[in-house]
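Analysis of the macromolecular model
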Amino acid sequence: MKGKLIIIEATDGAGKKTQSDKLYNRLRKEGHNIKKIEFPNYNSKSSELVKMYLNGDFGDKPGDVNAYVASTFYAADRFASYKKEWKEFYENGGIILADRYTTANMVHQASKMDAKEEKDKFLKWLWDFEFIKFGLPVPDCVFFLNMPPEHANKLMKNRKNKINGQEEKDIHEKDKGYLIKSYETACYVANKYNWVKIDCISNNKINTIEKIHEQIYREIKNVIK
């Protein structure tokens with residue numbers, strides 16, 4: 001009996017790690033059989049091409065590597081993680097809580113395309129590529145943290161580079177125009193695939209971590225009854 005695959009998704013700086021950590025700890029305390037994962041898996045050799053891409057080894061702008069090529073880097077990393085770290089747990093009924101997933105490619109790579117037709121063509125390709133050809137599980141629920149870029153940028157200002165711990169941002173994070181396009185694409189994809197939208201802003205102010213967490217927790221009880 002397969003378990004549940006739950007994703008926390010958002011654009012950069014929206015608090016995915018904070019919220020996935022809080023949700024994991026709460027569900028574990030309640031006695032749920034749960035495992036937390038995150039993508040990219042920077043501790044694995046499978047993420048080397050992702051690191052090279054984000055470090056700018058193939059070009060210092062996100063668009064220097066087209067969406068299809070960049071997606072293969074991330075998909076290979078997910079496949080390695082699935083096969084080595086959580087496939088058995090998931091297939092035996094465990095709950096997988098993921099900070100990003102294929103959904104991140106949907107957001108960040110589709111944002112490289114302007115025309116809706118091109119985005120939809122890519123999204124159809126990506127679904128087949130990861131869920132059919134790679135055989136990765138389809139998520140049971142995706143939570144989209146709706147954090148507009150003008151607010152996310154403030155939160156991300158003093159955040160260290162996740163790859164090397166340095167001050168300099170990766171090629172996604174330091175491209176403000178790309179972050180805006182990614183947010184716009186995220187909103188489009190969230191509607192297209194019926195993701196659960198979690199509003200992170202009220203009255204032009206960022207909601208507290210606890211308030212955002214409670215929104216997610218209320219919704220997740222419909223998924224893991």
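In short, a report on the structure. (Residues numbered from 1 in each chain as written. Predicted model: local features only at pLDDT ≥ 70, side-chain atom pairs only at ≥ 80, totals over all residues. Heavy atoms only, no water.)

A closer look at the nonpolar core
Within the largest apolar cluster, 27 residues are counted, with the highest numbers of intra-cluster contacts made by Leu5, Trp86, Tyr101, Met106, Phe122 and Trp195. Sorting the residues of this core by element identifies strand E1 (4–9), helix H3 (67–91), strand E3 (95–99), helix H4 (102–108), helix H5 (116–133), strand E4 (141–146) and helix H7 (176–192) as the ones contributing at least two each. The contacts of Trp86, once residues within four sequence positions are left out, are Leu5, Lys35, Ile37, Phe39, Ser81, Ile96, Tyr101 and Pro137. Of all hydrophobic cores here, the second largest spans 23 residues; its members include Tyr24, Ile34, Leu97 and Ile224. (Core = buried A, V, L, I, M, F, W, Y, C linked by side-chain atoms within 4.5 Å. Buried < 20%, exposed > 50% of the residue type's maximum accessible area, 1.4 Å probe, protein only. Helix = DSSP H or I, 4+ residues; strand = E, 2+ residues; numbered from the N terminus. Contact = heavy atoms within 4.5 Å.)

Quick notes on the packing of helix H2 (residues 48–55) against H3
Between H2 and H3, the least distance of the axes is 8 Å, while the angle of their chain directions is 140 degrees. Classified by the angle their axes make, H2 and H3 are oblique. Residues Leu49, Val50, Tyr53 and Leu54 of H2 lie in contact with H3, whose contacting residues are Ala70, Phe73 and Tyr74. A class-by-class count of the residues in the contact of H2 with H3 yields 7 nonpolar, no polar and no charged. (Axes fitted to C-alpha atoms, helices over the stretch in contact; angles between N-to-C directions. Parallel < 35°, antiparallel > 145°, perpendicular 65-115°, else oblique. Nonpolar A, V, L, I, M, F, W, Y, C, P; charged D, E, K, R; others polar.)

Some words on unusual backbone geometry
A cis amide bond links Phe39 to the next residue, Pro40, at an omega of -5 degrees. By secondary structure assignment, the location of Pro40 is in the loop between strand E2 (34–38) and H2. Of note in the backbone geometry, Asn203 takes a positive phi value of approximately 55 degrees without being a glycine. Position of Asn203 among the secondary structure elements: in the loop between strand E6 (201–202) and strand E7 (205–206). Phi is positive for Asn204, close to 65 degrees, though the residue is something other than glycine.

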